[in-house]
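Here's the letter readout for the chains.
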Amino acid sequence: MSVNPTPTRPRLRVAVTRRLPEPVQSRMSELFDVTLRDDDRKLGLDELVGLMQGVDVLVPTVTDQITAAMLARAGERLKLIANFGAGVDHIDVLSARQRGILVSNTPGVVTEDTADMTLALILAVTRRIPEGLAEMQAGRWQGWSPTAHLGGRVGGRRLGILGMGRIGQAVARRANAFGMQVHYHNRKRLRPEIEEALQATWWESLDQMLARMDIVSVNAPHTPSTFHLLNARRLKLMKPSAVIVNTSRGEVIDENALTRMLRAGEIAGAGLDVFEHGHEINPRLRELPNVVLLPHMGSATVEGRAEMGEKVIINIKTFADGHRPPDLVVPSML
């Protein structure tokens, strides 16, 4: 008696918007019918829509703005947007869900890397590291001097963390090791045992915290409620000797107001890994010697990118098996 073999499930069609690390792309090719990128150019709107059409899963990155209008053109086949990254403010999640399209992300894997970069920027600005590096590379150094390159000691300074999620807490742990006093403002106060472990003081009023900090670290996501949370009025509350560092999202800070205050000496310095308008940075900001600018490097480690890719693959595989992706994003989370 012949037995009919169990029919094999067709492989999902997956499209990737940017070139990913080779091990991630190789694993995707083994598991899915995947369209990969040979180059790393950012795609235009029509190109993105073209990728969406005719695939089951789209794998975008933070550089890909996916709007309601684009989703309306995606067609009926697209059922999952598996974002390569934790932040999803570039995706209209609500519109996606209304069209029956799930959205997943990769939370947690960049926590330690981003916290490391936050501390690196704090040290770079307060200790004037880029100025010393530029002098050495230009061959201008004439030897040690008692009054040259004087920065500030971080030990004992008050660090105010705006946003005490995974990354904010990782920053707090590092700040404790450097002898800083940790303060924070968050939508919800942490549990007492977490506050105690982090030696962190909660401020219900963001305004009051900003006025008393020596260093402010922005670790809040970009949402409608956090857009320009640090506007001109709030930035003016900061001490002229204070330093601000942002490794989260550029839209949280009014970049023009920050630039004006840095130029006027109303804020002592800034370390920025993210910018309000993506890679289009205010040219006046580039000219300032008291500012350290990085090209969105906070999560840029080999290990972090590999773990992000693994989470993307797990989300797609779980979806392919008919289950809810483990890192599903829902509008109520935003």
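One can find the structure itself at the top, above this paragraph.
Keep in mind it's a predicted model, so treat the numbers as computed, not measured.

**Q** Which residues make up the sheet that holds strand E5 (residues 102-104), and what values go with them?
**A** Pairing is mixed in the open sheet, where six strands are placed in the order E2-E1-E3-E4-E5-E13. Looking at which strands have only one partner, the edges of the open sheet turn out to be strand E2 (33-35) and strand E13 (328-329). By the bridge criterion, three bridges tie strand E1 (residues 13-16) to strand E3 (residues 57-59) in an arrangement that is parallel. Following the sheet pairing, Val 14 is matched in E3 by Val 57. Where helix H13 (residues 302-320) meets the sheet, its contacts fall on E1, E3, strand E4 (80-82) and E5, and the angle it forms with E4 comes to roughly 160 degrees.

**Q** Give me the lowdown on the nonpolar core, citing residues and values where you can.
**A** Core analysis: the biggest nonpolar cluster contains 29 residues, and Leu 230, Leu 235, Met 238, Ile 244, Leu 258 and Leu 262 have the highest contact counts within it. Within the residue set of this core, elements represented by two or more residues are helix H9 (206-212), strand E9 (215-218), helix H11 (255-263) and strand E11 (269-272). The element that contributes the greatest number of residues to this core is H11, accounting for four residues. Setting aside its immediate chain neighbours within four residues, Leu 230 contacts Leu 162, Leu 206, Leu 210, Val 218, Leu 235, Ile 244, Val 252, Ile 253 and Asp 254. In terms of nonpolar packing, the next biggest core, distinct from the first, is built from 25 residues, Val 154, Ala 175, Ile 215 and Val 245 among them.

Scoring rules and cut-offs
Residues numbered from 1 in each chain as written. Predicted model: local features only at pLDDT ≥ 70, side-chain atom pairs only at ≥ 80, totals over all residues. Heavy atoms only, no water. Pairing = 2+ DSSP bridges. Helix = DSSP H or I, 4+ residues; strand = E, 2+ residues; numbered from the N terminus. Contact = heavy atoms within 4.5 Å. Axes fitted to C-alpha atoms, helices over the stretch in contact; angles between N-to-C directions. Core = buried A, V, L, I, M, F, W, Y, C linked by side-chain atoms within 4.5 Å. Buried < 20%, exposed > 50% of the residue type's maximum accessible area, 1.4 Å probe, protein only.

Shape descriptors only; they carry no functional weight alone.
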